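# Structure assessment
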Amino acid sequence: GQQVMQIPQYQHVQEGEDFTTYCNSSTTLSNIQWYKQRPGGHPVFLIQLVKSGEVKKQKRLTFQFGEAKKNSSLHITATQTTDVGTYFCAGRPLGTSYGKLTFGQGTILTVHP
Amino acid sequence: DTAVSQTPKYLVTQMGNDKSIKCEQNLGHDTMYWYKQDSKKFLKIMFSYNNKELIINETVPNRFSPKSPDKAHLNLHINSLELGDSAVYFCASSQDQSGANVLTFGAGSRLTVL
């Protein structure tokens, strides 16, 4: 079955440093979504990428979808303490009219002030 | 108004008991889901219903039985609880089952089995 691997599992940064999490799928994806879960909270949708090579930005967050649509990344510039939480990618296999969203294991980000 | 609401938020119970978690969404979405999040934060889908019909049923012990009385509600009943069932259970909904749908999650129900 489809697998979505996400690295690193944990990342500790000093406030102001950059952070990147990577997502790799064993199969080609129709789209990829990113979610953020604050400590003690629930996953909240951040963005969806659909096109090969797509890049989207949300303030300090930059999301990329690979050319082969099998990998993605989330980069945060100049982290702040409000960025702490777990970041998940979630992908849906290409060719399915519907299909379960497979989540990566998540990257737990800690930001030290 | 909470978009996806689940009750109870916390559940502590003994092994062997039966318990239920309820979920309701007021977004008018057609599709609802149950996800299980373990202690390592891994999110795994358990079930999905589209307009009251079961469309995804992952490899879940048959002690877990979902029920969708209407498209705004999806409940989860668990029989004969085991220690390994301890987790946070998230309900979610999406507009429909099409490929571009985005999930809206509930706040989660933390189940602790003693």
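Read on for an overview of the structure.

### Some thoughts on the pattern of salt bridges
All names here are of chain B. Taken as a whole, this structure holds five salt bridges over all chains when the rule is applied. Residue E82 pairs with R63 through a salt bridge whose shortest N-O separation is 3.5 Å. Here the residue E82 occupies a position in the loop between β8 (73-78) and β9 (87-94), and R63 occupies one in the loop between β6 (53-57) and β7 (64-70), the gap between them amounting to 19 residues. On the basis of relative accessible area, E82 is assigned to the partly exposed category, the value being 42%. Beyond isolated ion pairs, a larger network of salt bridges with shared partners links R63, E82 and D85.

### Quick look at the state of the cysteines
Tallied over the full model, the rule gives two disulfides over all chains. The disulfide that involves C23 of chain A links it to C89 of chain A, with 2.0 Å between the sulfurs. Torsion about the S-S bond of the C23 of chain A and C89 of chain A cystine: about 75°, corresponding to right-handed handedness. Within this pair, whereas C23 of chain A is found in strand β3 (residues 19-25), its partner C89 of chain A is found in strand β9 (residues 85-93), the two being separated by 66 residues in sequence. The class of C89 of chain A is buried, set by a relative accessible area of 0%. Across the disulfide from C23 of chain B sits C91 of chain B; the S-S distance is 1.9 Å. Every disulfide takes its handedness from the sign of the S-S torsion; for C23 of chain B and C91 of chain B that torsion is -80°, giving left-handed. Taken together, the residues C23 of chain B in strand β3 (residues 19-25) and C91 of chain B in strand β9 connect sequence positions 68 residues apart. Judged by relative accessible area, C23 of chain B falls into the buried class, the value being 1%. Residue C91 of chain B is classed as buried on the basis of its relative accessible area of 0%.

### Considering the interface of chain A and chain B
Chain A puts 21 residues into the contact, and the matching count from chain B is 21 residues. Carbon and sulfur atoms make up 58% of the area that chain A and chain B hide from each other, which totals about 1,800 Å². Summed over the shared surface of chain A and chain B, the result is zero salt bridges. There are four residue pairs in polar contact (both at pLDDT 80 or more) connecting chain A and chain B. Listed by contribution, the elements that provide at least two residues to the side of chain A that touches chain B are β4 (29-37), β5 (43-49) and β9 of chain A.

### Concerning the sheet that holds strand β1 (residues 4-7) of chain B
Residue and element names in this part refer to chain B. The strand order across the open sheet formed by four strands is β1-β3-β8-β7, and the pairing between neighbours is antiparallel. Strands with a single pairing partner mark the edges of an open sheet, and in this sheet they are β1 and β7. Ignoring which end each strand starts from, the neighbouring axes of this sheet average 15° apart. Here β3 pairs with β8 via four bridges, running antiparallel. Pairing of E24 across the sheet is with H73, part of β8.

### Here we look at the sheet that holds strand β6 (residues 55-58) of chain A
Residues and elements named next belong to chain A. On the basis of which strands lie adjacent, the open sheet formed by five strands has the order β1-β3-β8-β7-β6 and antiparallel pairing. Of all the strands in the sheet, the pair left with one neighbour each is β1 (4-7) and β6. The average angle at which neighbouring strand axes cross in this sheet is 15°, direction not considered. Here strand β7 (residues 61-65) runs beside strand β8 (residues 71-76); their pairing, made up of five bridges, is antiparallel. Note on β8: the bridge partner recorded for L61 is I76.

What counts and what doesn't
- Residues numbered from 1 in each chain as written.
- Chains lettered and ligands numbered in written order.
- Predicted model: local features only at pLDDT ≥ 70, side-chain atom pairs only at ≥ 80, totals over all residues.
- Heavy atoms only, no water.
- Salt bridge = Lys/Arg side-chain N within 4 Å of Asp/Glu carboxyl O.
- Helix = DSSP H or I, 4+ residues; strand = E, 2+ residues; numbered from the N terminus.
- Buried < 20%, exposed > 50% of the residue type's maximum accessible area, 1.4 Å probe, protein only.
- Disulfide = S-S within 2.5 Å.
- Contact = heavy atoms within 4.5 Å.
- Buried area = accessible area lost by both parts, 1.4 Å probe.
- Polar contact = N/O pair within 3.5 Å; in protein donor to acceptor, adjacent residues only side chain to side chain.
- Pairing = 2+ DSSP bridges.
- Axes fitted to C-alpha atoms, helices over the stretch in contact; angles between N-to-C directions.

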